[in-house]
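Spelled out, the chains give:
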Amino acid sequence: MPILNLDDVKAGMTLAEAVRNHQDQLLLEGGRRITEKSIRIFKSWGIRRVAVKSGPAGDDPGDGVAAAGLATAIEEGLGARFGDGLTDPLMVAIMQAAGRQLAARQKKKKKTGDVRS
Amino acid sequence: MSEADLKRLIARVEDLPTLPRTVLRITEMVNDPRASARDLSRIITDDQVLTARLLKLVNSSFYGFPQRVATVTGAIVLIGFDAIRNLLLTTSVFDLFPSRTVKGRRLQEALWDHSLGCAIGAKAIGEVLRHEKLEELFVAGLLHDIGKIVEMARLPDEFERITVRAREGRMLIAAAETEILGCTHAEIGRLLLDRWKLPVKLMTTIAFHHAPLAAGGFALETSIVHLADILTRALQLGSGGDDQVPMLDTSAWELLRLKTSSLEPIMSAMLDEFGDISAFLR
């Protein structure tokens, strides 16, 4: 499990451990594929090193949106809406809060649907 | 855009509808110190649609009164003259710009949802800040994009080009408007509210919701609407014509003195209230 300086981290690598900011807010879960956007977010939070699991994420069967869970899938969709705003920690906090809220609603809706069926 | 085109554009936008007679009479009455709740009630009850909307709203979670409010006079006594004027005004405004096409109606509905989300967000932020005029914030949120409604109704071809440009260029709608119209929906909204002689505070909030610190004495209220707009877009409530989330103005955030930890409870309240109030206002 190599720990790399952020400058050496490339998009496509898989994160070995979760990355959190100084307020202990989760920035990216362990096992997730690192994207250019996540590298930008880490930089904006002053993260210097991260633990990576492997090279290109395609090798990892557990990788990708399907395995990432509802909240992260929503967050990825949101990421496109926030665009360059994600260089700002405050915008990242807004995106993450929105992602969690939307995921909670979807989960609730799904649960209600299950009960009905 | 040539000078002649610009003049034609302004002429089309300036040919704006007037407010419904009932709302105008209510506005006059609110400013009349001799007017009583019963006088105001008489005017509202003459209009069945306004009566139904008012009673639905005072019985919705927006106010959360423990008991059902059954009469217009009761509603006036409970929420006050100004609140009645503003709420009736805002629920009437969207009817003034009917769209003729199915696509136009769909866009308007999406914008209505976005505006309602922003209104609920402004109120939720106001609650955290213990702002005294929550209903004013709600109204400002509901009307913040009224300039876009004018564009949809009066400049449909240009509005279509604006949304395409915003989508393809991954840019904010205000930037696409500046490119195509030479002005933004915020400026058009200001023009409309000025024409309707609505309060300066409301007009200023709408005019500067993308640059809140330029709103002078109303910078706090404008910053609240600015943040509510961003949270509404993040929560994907409706559509403001583009799908981009604008950057939060750092000075506005500092002025609000909110903590990032308060953002999620605000968003949760927005999602909770959205369905309920939307059903009551439609």
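Residues numbered from 1 in each chain as written. Chains lettered and ligands numbered in written order. Predicted model: local features only at pLDDT ≥ 70, side-chain atom pairs only at ≥ 80, totals over all residues. Heavy atoms only, no water.

Looking only at helices and strands, one finds four helices and five strands in chain A. Helices and strands appear in chain A in the N-to-C order β-β-β-β-α-β-α-α-α. Counting all 117 residues of chain A, 41% fall into the buried class. By sequence separation, contacts in chain A at least 24 residues apart represent 59% of the contacts at least 6 residues apart. Surface exposure of chain A reaches about 6500 Å², of which carbon and sulfur atoms provide 51%. (Helix = DSSP H or I, 4+ residues; strand = E, 2+ residues; numbered from the N terminus. Buried < 20%, exposed > 50% of the residue type's maximum accessible area, 1.4 Å probe, protein only. Contact = heavy atoms within 4.5 Å. Areas by Shrake-Rupley, 256 points an atom, 1.4 Å probe, with all protein chains shown as cover.)

Once that is clear, we can look at the overall build of chain B. Check the secondary structure of chain B and you find 16 helices and zero strands. Computed over C-alpha atoms, the radius of gyration of chain B comes to 19 Å, within 12% of the 19 Å expected from 2.2 N^0.38 for 282 residues, which places it in the range of a compact globule. For chain B, the C-alpha atoms occupy an extent of roughly 55 × 45 × 35 Å along the three principal directions. Counting all 282 residues of chain B, 55% fall into the buried class. Summed over all atoms, the accessible surface of chain B reaches about 12800 Å², with 52% contributed by carbon and sulfur. Treating the 33 positive side-chain charges of chain B as one cloud and the 37 negative ones as another, the clouds have centres 4 Å apart. (Rg over C-alpha atoms; globule rule 2.2 N^0.38 Å. Lys, Arg positive; Asp, Glu negative; His and termini not counted. Charge placed at Lys NZ, Arg CZ, Asp CG, Glu CD.)

With that settled, consider helix H8 (residues 134-143) of chain B. At 3.6 residues per turn, the α-helix brings residues three or four places apart onto the same side. Most of H8 of chain B sits out of view: eight of its ten residues are buried. Looking only at H8 of chain B, the buried set comprises Glu135, Leu137, Phe138, Val139, Ala140, Gly141, Leu142 and Leu143 of chain B.

Right, let's talk about the packing of helix H12 (residues 185-195) of chain B against helix H13 (residues 200-207) of chain B for a bit. All names here are of chain B. Contact geometry of H12 with H13 gives a least axis separation of 8 Å together with a crossing angle of 165°. Comparing their axes, H13 and H12 come out roughly antiparallel. Between H12 and H13 the crossing geometry is right-handed. Contacts from Ala186, Gly189, Arg190, Leu193 and Asp194 of H12 reach H13 at Leu202, Met203, Ile206 and Ala207. Taken together, the residues of the contact of H12 with H13 sort by class into six nonpolar, one polar and two charged. (Axes fitted to C-alpha atoms, helices over the stretch in contact; angles between N-to-C directions. Parallel < 35°, antiparallel > 145°, perpendicular 65-115°, else oblique. Left-handed = near helix turned anticlockwise from the far one by under 90°. Nonpolar A, V, L, I, M, F, W, Y, C, P; charged D, E, K, R; others polar.)

With that settled, the discussion passes to unusual backbone geometry. All names here are of chain B. You will see that arginine 130, though not glycine, has its phi angle at about 55°, which is positive. Mapped onto the elements, arginine 130 comes out in the loop between helix H7 (102-128) and H8. Under the relative-accessibility criterion, arginine 130 is labelled exposed at 75%.

Our next topic: the nonpolar core. General note: in soluble globular proteins, nonpolar side chains tend to be found buried as a group. One finds Ile94 of chain A together with Ile44 and Leu227 of chain B to be the most contacted residues of the largest nonpolar core, which totals 116 residues. Leaving out residues up to four positions away in the same chain, isoleucine 94 of chain A has contacts with Phe82 of chain A together with Leu227, Ile230, Leu231, Ala234, Leu248, Leu263 and Met267 of chain B. (Core = buried A, V, L, I, M, F, W, Y, C linked by side-chain atoms within 4.5 Å.)

Residue-level contacts link 16 residues of chain A with 22 residues of chain B. Summing the contributions of chain A and of chain B, the shared interface buries around 1800 Å²; its carbon and sulfur component is 63%. Summed over the shared surface of chain A and chain B, the result is two salt bridges. Between aspartate 272 of chain B and arginine 105 of chain A there is a salt bridge whose closest N-O contact spans 2.6 Å. Our enumeration of links across chain A and chain B arrives at six residue pairs in polar contact (both at pLDDT 80 or more). Elements supplying a minimum of two residues to the side of chain A that touches chain B: helix H3 (70-82) and helix H4 (89-116) of chain A. Sorting elements by how many residues they give to the side of chain A that touches chain B places H4 of chain A first, with ten residues. A per-class count over the side of chain A that touches chain B returns ten nonpolar, two polar and four charged. (Buried area = accessible area lost by both parts, 1.4 Å probe. Salt bridge = Lys/Arg side-chain N within 4 Å of Asp/Glu carboxyl O. Polar contact = N/O pair within 3.5 Å; in protein donor to acceptor, adjacent residues only side chain to side chain.)

Side chains of Leu213, Leu220 and Leu255 of chain B sit close together on the surface and give an oily, nonpolar patch of about 210 Å² of accessible area. Along the polypeptide, leucine 220 of chain B turns up in helix H14 (residues 219-234). (Patch = residues over 30% accessible without salt bridge, like charges linked within 9 Å, V, L, I, M, F, W, Y side chains within 5 Å.)

This part is about the pattern of salt bridges. Residues and elements named next belong to chain B. Within the structure shown, the criterion is met by 13 salt bridges over all chains. Of the charged contacts, one joins lysine 148 and aspartate 145 as a salt bridge, the two residues approaching to 3.0 Å between their closest N and O atoms. Here glutamate 221 ties to lysine 201 by a salt bridge, and the two come within 3.9 Å at their closest N and O atoms. Taken together, the residues span a long stretch of sequence, with glutamate 221 in helix H14 and lysine 201 in helix H13 at a distance of 20 residues. You can call glutamate 221 buried: its relative accessible area is 12%.

With that out of the way, let us pick up helix H6 (residues 81-93) of chain B. Residue and element names in this part refer to chain B. Taking 1.5 Å as the rise per residue, H6 with 13 residues should run 18 Å; its terminal C-alpha atoms sit 18 Å apart, in good agreement. Buried residues dominate H6, accounting for eleven of its 13 residues. Buried within H6 are the following residues: Ala83, Ile84, Arg85, Asn86, Leu87, Leu88, Leu89, Thr90, Thr91, Ser92 and Val93. (Expected span 1.5 Å × (residues − 1).)

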